[in-house]
Amino acid sequence: MASETRRHRGHNDEDPPAGGDPYTEYDDFDLPAYVGRTSFQKLPELSDDAALRARHPDVAIVGAPLDEGVSHRPGARFGPRAIRAATYHAGSLNSLQLGIQPFEWLDVVDAGDAPIIPASLERGHAVIRRKVLEVARSGAIPIVLGGDHSITFPSASAVAEVVAPRGLGIVHFDAHADTANSSWGVLASHGTPMRRLIDSGAVAGRNFVQVGLRGYWPPPETLEWMRQHELRVHFMTEIEERGAEAVVADAIAEALDGPELIYLSVDIDVLDPGMAPGTGTPEPGGMLTRELLRAIRQIVGAVELAGMDVVEVAPAYDVSEITAAAAHRCVMEAISALAARRRDRGGTPRPSGRTRDGSDPDEASPAAG
Ligand code: MN
Ligand code: MN
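Residues numbered from 1 in each chain as written. Chains lettered and ligands numbered in written order. Predicted model: local features only at pLDDT ≥ 70, side-chain atom pairs only at ≥ 80, totals over all residues.

Student: Explain the overall build of the chain here, please?
Tutor: Helix and strand counts for the chain come out as 11 helices and eight strands. For the chain, whose C-alpha radius of gyration is 20 Å, the value lies close to the compact-globule estimate of 21 Å for 369 residues. With the principal axes as the frame, the chain shows a C-alpha extent of 70 × 40 × 40 Å. Counting over 369 residues, the chain shows a buried share of 54%. Considering only contacts within the chain whose residues lie at least 6 apart along the sequence, 76% involve residues at least 24 apart. (Helix = DSSP H or I, 4+ residues; strand = E, 2+ residues; numbered from the N terminus. Rg over C-alpha atoms; globule rule 2.2 N^0.38 Å. Buried ≥ 20, exposed ≤ 12 C-beta atoms within 10 Å, placed from the backbone. Contact = placed C-beta atoms within 7 Å.)

What follows is the structure, given as structure tokens:
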């Protein structure tokens with residue numbers, strides 16, 4: 001491969017070597033974000049199950065471009081592409097929040113999208129479940145880009161199946177509980193995935209922790225079902241009164257009251273619509289973007305993360321890509337916190353393969369010479 005002969009810089013703050021060929025002096029990973037491939041952060045694309053198993057990356061991005069489950073404004077099927085594109089950074093990013101270059105510590109790949117077709121919610125959930133199963137069985141932590149929130153049922157179910165018999169707790173950021181029994185009789189809508197997860201036994205109600213709920217839904221009968229099943233619920237008013245950090249600390253303890261691992265589900269509408277207008281059911285009075293990003297660092301830094309999703313980004317209603325950028329940074333904060341956790345626990349770097357798709361990422365490691 002010609003690209004393997006190019007000097008990989010990892011960041012673009014240095015002058016290129018004198019006398020270089022301008023056609024080949026930068027590899028794709030180091031070229032600007034708007035140039036070249038469109039995978040998440042231009043990471044290696046690895047959609048094939050066998051290739052994933054052979055490589056066993058630390059983290060794999062998965063697209064779940066399905067929005068057949070929405071109850072109001074459609075458009076989250078375009079979320080994965082918008083989130084992947086919502087970056088102006090290229091090369092090996094440096095987290096100022098955590099003091100780490102995450103792609104120097106973790107092998108992160110983009111496993112592509114589940115093979116969705118329109119107008120079939122059932123088929124869509126089946127292929128998402130299978131895609132997330134493949135990723136999780138390869139040993140990678142799946143980070144799933146929605147899609148509407150109905151995708152959390154197949155995604156978290158798949159993760160629960162792979163980590164069993166170790167138990168899974170769920171921390172769920174959302175303006176909405178998503179615990180209806182049905183939406184107009186439809187069991188698999190984006191208003192019902194959390195009840196399906198509890199009813200199916202994928203996660204115990206008492207380890208299902210919701211943060212940021214507000215507004216005018218669900219009705220008392222649904223709240224009563226949540227009480228009966230011992231869900232732990234932290235309304236937005238509690239964040240206003242106690243602060244997000246204290247509430248999130250409780251959420252971590254509640255989710256891990258029994259289970260060993262956490263699945264993190266982030267509905268972008270947990271943010272205030274002033275900071276995340278590009279979503280299907282915006283509810284005023286939400287979290288600040290900086291609060292949510294800090295909460296993700298807090299959680300991922302403290303627990304063993306088994307999987308994650310970021311859902312409900314509907315780019316057609318977005319303004320200047322602010323919602324997509326917030327979702328993209330939710331993913332980056334999680335990846336950075338995973339990297340910092342590896343470093344702080346005495347782990348060794350395992351850099352992303354960058355330009356060397358399919359090859360052993362350790363070949364690119366400075367430690368490996
Ligand atoms: Mn939701
Ligand atoms: Mn919501």
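This is not the end of the story, as more comes after the structure.
Student: Explain the confidence of the model for the chain here, please?
Tutor: Regions with low pLDDT should not have their predicted coordinates read in detail. For the chain, per-residue confidence averages 92 on the pLDDT scale, and residues scoring 70 or more make up 92% of the total. Low pLDDT (under 50) marks residues 1-7, which in the prediction has nine contacts with non-local residues, meaning those over four places away or in another chain. In the predicted structure, residues 355-369 sits below a pLDDT of 50 and forms 30 contacts with residues beyond four places in sequence or in another chain. (pLDDT = per-residue confidence, 0-100.)

Student: Help me out: how do you make sense of unusual backbone geometry in this one?
Tutor: One can expect most non-glycine residues to show negative phi and most peptide bonds to be in trans. Between Gly146 and Gly147 the backbone carries a cis peptide bond, its omega angle lying at 15°. In this fold, Gly147 is placed in the loop between strand E3 (141-146) and helix H5 (152-163). Following Ala164, the chain continues into Pro165 via a peptide bond in cis, with omega recorded as 10°. Take Pro165: it is sitting in the loop between H5 and strand E4 (168-173). Here Ala119, not a glycine, exhibits a phi torsion of approximately 70°, which is positive. Following the sequence through the fold, Ala119 ends up in the loop between strand E2 (108-113) and helix H4 (121-137). Residue Ala119 is classed as exposed on the basis of its C-beta count, with 7 C-beta atoms lying within 10 Å. With phi around 50°, Trp184 is a residue other than glycine that occupies positive phi space.

Student: I would appreciate a short explanation of the sheet that holds E3 in the present structure.
Tutor: Adjacent strands of a sheet pair through backbone hydrogen bonds, lying either parallel or antiparallel. Read from one edge of the open sheet, eight strands run E2-E1-E3-E8-E7-E4-E5-E6, paired in parallel fashion. The open sheet has two edge strands with one neighbour each: E2 and strand E6 (232-235). Adjacent strand axes in the sheet meet at a mean angle of 15° when their direction is disregarded. Summarising the sheet, E3 and strand E8 (residues 304-311) pair through three bridges and their orientation is parallel. Residue pairing across strands places Leu145 opposite Val310, the latter belonging to E8. Helix H9 (residues 244-255) contacts E4, strand E5 (208-213), E6 and strand E7 (261-267) of the sheet and is inclined by roughly 160° relative to E5. (Pairing = 2+ DSSP bridges. Axes fitted to C-alpha atoms, helices over the stretch in contact; angles between N-to-C directions.)

Student: Looking at this structure, how should I read the nonpolar core?
Tutor: Proteins that are soluble and globular tend to have nonpolar side chains buried together. Within the largest apolar cluster, 100 residues are counted, with the highest numbers of intra-cluster contacts made by Val62, Val159, Ile262, Ile268 and Ala334. If one sorts the elements of this core by residue count, helix H11 (residues 322-344) sits on top with 13 residues. Each residue touching Val62, except ones within four places of it in the same chain, is listed here: Ala111, Ala114, Lys131, Val132, Val135, Pro142, Val144 and Leu145. (Core = buried A, V, L, I, M, F, W, Y, C linked by C-beta atoms within 7 Å.)

Student: Help me out: how do you make sense of the packing of helix H10 (residues 289-302) against H11 in this one?
Tutor: Relative placement of two packed helices is described by the angle separating their axes and the distance separating the axes. Viewed as axis vectors pointing N to C, H10 and H11 meet at an angle of 30°, and their least axial separation amounts to 8 Å. Classed by the angle they form, the pair H10 and H11 counts as roughly parallel. Every pair of crossing elements has a handedness; the one defined by H10 and H11 is right-handed. Within the contact between the two elements, H10 uses Thr289, Leu292, Leu293, Ile296, Arg297, Val300 and Gly301 and H11 uses Ala326, Arg329, Cys330, Glu333, Ala334, Ala337, Leu338, Ala340 and Arg341. Broken down by class, the residue content of the contact of H10 with H11 amounts to 10 nonpolar, two polar and four charged. (Parallel < 35°, antiparallel > 145°, perpendicular 65-115°, else oblique. Left-handed = near helix turned anticlockwise from the far one by under 90°. Nonpolar A, V, L, I, M, F, W, Y, C, P; charged D, E, K, R; others polar.)

Student: Explain H9 here, please?
Tutor: Residues lying three or four places apart along an α-helix face the same way, a consequence of the helix completing one turn every 3.6 residues. The end-to-end C-alpha separation of H9 is 16 Å, in line with the 16 Å expected for 12 residues at 1.5 Å each. Buried residues of H9: Ala244, Val247, Val248, Ala251, Glu254 and Ala255, and no others. All buried residues of H9 project into a common sector of 120° when viewed along the axis, lining one side. Lining the buried residues of H9 we find E4, E5, E6, helix H8 (236-242), E7 and H10. (Expected span 1.5 Å × (residues − 1). Arc of directions from axis to C-beta.)

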